[in-house]
Amino acid sequence: MKDPNLPQCVINCAAYSREGVRRDISLDQISDVLAVDDGSFVWVGLYEPDEGILEKLQEEFCLHDLAIEDAHNAHQRPKIETYGNSLFIVVHTAQTVDSHIRFGETHLFVGPRYLVTVRHGASSSYASARLRLERESEELRHGPASALYVVLDMVVDNFTPIVDEFSQELNELEKDVFAEDFRKGTVEKLYDLKRELTRLRMAVSPLQDILGQLARSRSALIDEESQLYFRDVLDHAVRINETTDTLREMLTAAMSVNLSLVTIRQGEVVKRLAGWAALLAAPTLIASWYGMNFVHMPELAGEHSYWIVIGVTAVVCVVLFGLLRRAKWL
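Keep in mind that this is a model prediction, so the values were computed, not measured.

With respect to helix 6 (residues 159–177)
Thinking step 1. Taking 1.5 Å as the rise per residue, helix 6 with 19 residues should run 27 Å; its terminal C-alpha atoms sit 26 Å apart, in good agreement.
Thinking step 2. Those residues of helix 6 lying buried are Phe159, Ile162, Val163, Phe166, Leu170, Leu173 and Val177.
Thinking step 3. In this structure, the buried residues of helix 6 make contact with strand 5 (86–97), strand 6 (100–111), helix 5 (144–157), helix 7 (184–215) and helix 8 (224–290).

Concerning the packing of helix 6 against helix 7
Thinking step 1. Put simply, helix 6 and helix 7 touch, their axes get as near as 11 Å, and they point 155° apart. By the angle between their axes, helix 6 is roughly antiparallel relative to helix 7. Handedness of the helix 6/helix 7 crossing: left-handed. When helix 6 is examined against helix 7, the residues Phe159, Ile162, Val163, Phe166, Glu169, Leu170, Leu173, Asp176 and Val177 are found in contact with a partner set consisting of Thr186, Lys189, Leu190, Leu193, Glu196, Leu197, Leu200, Ala203, Val204 and Leu207.
Thinking step 2. Split into classes, the residues belonging to the contact of helix 6 with helix 7 amount to 14 nonpolar, 1 polar and 4 charged.

Considering the packing of helix 6 against helix 8
Thinking step 1. Put simply, helix 6 and helix 8 touch, their axes get as near as 11 Å, and they point 15° apart. Considered as vectors, helix 6 and helix 8 are oriented roughly parallel to each other. Where helix 6 crosses over helix 8, the handedness of that crossing is left-handed. For the pair formed by helix 6 and helix 8, the contact residues are Phe159, Thr160, Val163, Phe166, Ser167, Leu170, Glu174, Asp176 and Val177 on the first element and Ile240, Thr243, Thr244, Leu247, Met250, Leu251, Ala254, Val257, Asn258, Leu261 and Arg265 on the second.
Thinking step 2. Of the residues assigned to the contact of helix 6 with helix 8, the class counts are 12 nonpolar, 5 polar and 3 charged.

Structural notes on the nonpolar core
Thinking step 1. Core analysis: the largest hydrophobic core is formed by 55 residues, its most contacted members being Trp43, Ile89, Leu148, Phe159, Leu200, Leu214 and Phe230.
Thinking step 2. The contacts of Leu214, once residues within four sequence positions are left out, are Ile80, Leu87, Ile89, Leu148, Leu152, Ile222, Gln227 and Phe230.
Thinking step 3. Membership of the second largest hydrophobic core comes to 26 residues, among which are Leu54, Phe61, Ala71 and Val118.

A word on the sheet that holds strand 2 (residues 22–24)
Thinking step 1. With mixed pairing, the 7 strands of this open sheet are ordered in space as 2-1-3-7-6-5-4. The two strands at the open ends of the sheet, each matched to only one other strand, are strand 2 and strand 4 (79–83). On average, each strand axis in the sheet is tilted by 20° relative to the strand beside it, whichever way the strands run.
Thinking step 2. Pairing between strand 1 (residues 10–16) and strand 2: 3 bridges, direction antiparallel. Residue pairing across strands places Ala15 opposite Arg23, the latter belonging to strand 2.
Thinking step 3. Running at roughly 165° to strand 3 (residues 41–47), helix 2 (residues 51–61) makes contact with strand 1, strand 3 and strand 7 (114–121) of the sheet.
Thinking step 4. On top of the sheet, helix 6 reaches strand 5 and strand 6; it is set at about 40° to strand 5, its chief contact.

Each value, and the rule that gives it
Residues numbered from 1 in each chain as written. Predicted model: local features only at pLDDT ≥ 70, side-chain atom pairs only at ≥ 80, totals over all residues. Heavy atoms only, no water. Helix = DSSP H or I, 4+ residues; strand = E, 2+ residues; numbered from the N terminus. Expected span 1.5 Å × (residues − 1). Buried < 20%, exposed > 50% of the residue type's maximum accessible area, 1.4 Å probe, protein only. Contact = heavy atoms within 4.5 Å. Axes fitted to C-alpha atoms, helices over the stretch in contact; angles between N-to-C directions. Parallel < 35°, antiparallel > 145°, perpendicular 65-115°, else oblique. Left-handed = near helix turned anticlockwise from the far one by under 90°. Nonpolar A, V, L, I, M, F, W, Y, C, P; charged D, E, K, R; others polar. Core = buried A, V, L, I, M, F, W, Y, C linked by side-chain atoms within 4.5 Å. Pairing = 2+ DSSP bridges.

Printed below as a string of structure tokens:
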């Protein structure tokens, strides 16, 4: 439970011992905990902090100026940077809010005895990650690396239900793609899905590089056993990225198929209109001949001329109808 004395933007501030014992502390007590070399580490969780809180943490953990500047600005590209014996990591997060995907960022400061998570925008609380770490207390012997692992694992796992939701929505839209009538809303939904998937890929794809570097890290912050855990998270990220790419390709194909079907249906309509136009052109042509006001024209004075013209017109129309029907223009 959050300490009521902590500022609103400070979600969590606790010290973890190697034995898995958690102790909630204030920001001012951080330096006291770090002064005792007992293998413990501090985990501070922030949500959209102000400059004063970041400056306080910079003073407590000796964080680099450039990293603090990046953490204050919420529009950073995913990356991992090394500042002396500490790491600064930026990852993009996503969650579903009111049936729409909202994206956010998490900035992580990792040092020999601390982990600071700074959340911006749409990002789930890492309370469940802290509870998981506290349940699996034997992992705390790896120090901040274990906390970093559970956070990144949670970030990657949060993408899975979103991708599954995309897949289910695409399957439902396939029925509309092959519907007999054209629906503008279907194309709009396909476009919206592809746009969201593209943004999702931009969040997931850089994670592979970050996790790959952590899995191969030679830093003293990440021991060999921890690298195995980051390798497992990397495998999950690769699988999600591949699924995202597959869905994007399927959406592109669905949009192309929908456009092709619309074009084919329009072509069929044009063919039918052209067929009826050709069928009506024959009697129109014959009637226009005999509607001319000339005195000397054949069959004008004949007793059965009118019925002959009607018969010829009917025969021509029947023959044309048969030919057009055989050609599937009618």
